[in-house]
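Tertiary structure, described
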Amino acid sequence: SLEEAATLPCAGLTAWVSLVECGKLRAGETVLVQGTGGVSIFALQLAKAFGAKVIATSSSEEKLEKLKQLGADHVINYRTNPKWGKEVLKLTNNKGVDHVVEVGGGATFNQSVRATRLGGHIAIIGVLSGPAASNVVLPSIFAKL
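Figured I'd write up the structure that's included with this text. The residue numbering used here restarts from 1 in each chain and proceeds along that chain's sequence as written. Only residues with pLDDT of at least 70 get local features here, since the model is predicted, and only at 80 or more are side-chain atom pairs given and counted; chain-wide, interface and lining totals rely on the full set of residues. By convention in this description, side-chain values take in all heavy atoms of the structure and omit both hydrogens and water.

1. Description of the environment of Arg79
This is how it is decided: Secondary structure is summarised from DSSP: a helix means a run of H or I of at least four residues, a strand means a run of E of at least two, and numbering begins at the N terminus for each.
As for its placement among the helices and strands, Arg79 is situated in the loop between strand 3 (74–77) and helix 5 (84–91). Expressed as a C-alpha distance, the spacing of Arg79 and Ser58, which sit 21 residues apart in the sequence, is 7.9 Å.

Here you go:
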């Protein structure tokens, strides 16, 4: 519909500002996107266009396959792997990602912190699961030193 189409520029611009304007995305960096919503899909496509690697999460095997078709280098099912931040660290040789497009909110924030390299960029876009993050564990940030 026209109403749905009207949301595309908003999602695209949000992804652009998050990764390019604020995050200073460069070729060779790694980006983590969450889910298959508009901002995440635009972020995946922008990251690939800039020459970045992309790790994507979703709860559906069908959607994970679609993310691969759209260019994701690695995909993680967050339902079957609730500690997906550790999986991201494995995929990045314990370095962590350079950028996270964080759309999940409180329920995903701790895993996003775990998945991000020291000095990395987390763009907090949405709070789909609510605004409160409980038990933010600061040692998980400093463990990357």
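Next comes the rest of the account.
2. Some details on the packing of helix 2 (residues 8–22) against helix 3 (residues 38–49)
What counts, and what does not: Between the N-to-C directions of two axes lies an angle of 0 to 180 degrees, each axis being a line fitted to C-alpha atoms and, for a helix, fitted only over the stretch in contact. By the definition adopted for this analysis, an angle is roughly parallel if under 35 degrees, roughly antiparallel if over 145, roughly perpendicular if from 65 to 115, and oblique otherwise. Crossing handedness: left-handed means the near helix sits turned counterclockwise from the far one by under a right angle, and right-handed means the same turn made clockwise. Residue contacts follow a heavy-atom distance rule, with two residues in contact if any of their heavy atoms lie within 4.5 Å. Think of it as three bins: nonpolar holds Ala, Val, Leu, Ile, Met, Phe, Trp, Tyr, Cys and Pro, charged holds Asp, Glu, Lys and Arg, and polar takes everything else, Gly as well.
At a closest axis distance of 8 Å, the pairing of helix 2 and helix 3 adopts a crossing angle of 55 degrees. Regarding the angle of helix 2 to helix 3, the classification is oblique. As for the relative orientation of helix 2 and helix 3, their crossing is right-handed in sense. Of the residues in helix 3, those touching helix 2 at Leu8, Ala11, Gly12, Thr14, Ala15, Trp16 and Leu19 are Gly38, Val39, Phe42, Ala43 and Leu46. Each residue belonging to the contact of helix 2 with helix 3 can be placed in one class, and the counts come to 9 nonpolar, 3 polar and no charged.

3. Thoughts on the pattern of salt bridges
For clarity, the cut-off: When a carboxyl oxygen of Asp or Glu is within 4 Å of a side-chain nitrogen of Lys or Arg, the pair counts as a salt bridge. Classification of residues uses two cut-offs on accessible area relative to the type maximum, computed with a 1.4 Å probe and protein chains only: under 20% is buried, over 50% is exposed, and between them is partly exposed.
Per the counting criterion, the structure on display carries 6 salt bridges. One salt bridge connects Arg117 with Asp98, and the closest N-O pair in it is separated by 2.6 Å. One end of the pair, Arg117, is in strand 5 (residues 116–124); the other, Asp98, is in strand 4 (residues 97–102), with 19 residues separating them in the sequence. Looking at Arg117, the relative accessible area reads 24%, which means it is partly exposed. What you see here is one network of salt bridges that share partners, running through Lys95, Asp98 and Arg117.

4. Some words on the packing of helix 5 against helix 6 (residues 106–115)
Direction vectors running N to C along helix 5 and helix 6 enclose 20 degrees, while the axes themselves pass 8 Å from each other. Viewed along their axes, helix 5 and helix 6 adopt a mutual orientation that is roughly parallel. For the pair helix 5 and helix 6, the sense of crossing is right-handed. When helix 5 is examined against helix 6, the residues Trp84, Gly85, Lys86, Val88 and Leu89 are found in contact with a partner set consisting of Thr108, Gln111, Ser112, Arg114 and Ala115.

5. Focus: the side chain of Thr92
We apply this condition: Distance and chemistry together define a polar contact, namely a pair of N or O atoms within 3.5 Å, with one atom able to donate a hydrogen and the other to accept it when in protein, and with adjacent residues in sequence counting only for side-chain atoms on both sides.
Along the chain, the position of Thr92 falls in the loop between helix 5 and strand 4. For Thr92, a relative accessible area of 12% gives the class buried. Within the structure, Thr92 has its side chain in polar contact with the backbone oxygen of Val88 (distance 3.0 Å). Among residues more than four places away in sequence, those in contact with Thr92 are Thr30, Ile55 and Val97.

6. Quick look at the sheet that holds strand 1 (residues 30–34)
Under the convention used in this document: Strand pairing requires that DSSP identify at least two bridges connecting the strands.
Strand order in this open sheet of 5 strands is 3-2-1-4-5, and the pairing throughout is parallel. Edge positions in the open sheet fall to strand 3 and strand 5, since each of these has one partner strand only. Averaged over all pairs of adjacent strands, the angle between their axes in this sheet comes to 20 degrees, without regard to strand direction. In this sheet, strand 5 lies alongside strand 4 in parallel orientation, the contact comprising 5 bridges. Its bridge partner being in strand 5, Val101 is matched across the sheet by Ala123. The strands touched by helix 2 are strand 1, strand 4 and strand 5; relative to strand 5, the strand with the most contacts, the crossing angle is about 145 degrees.

Geometric descriptors of this kind do not, in isolation, establish any biological role.
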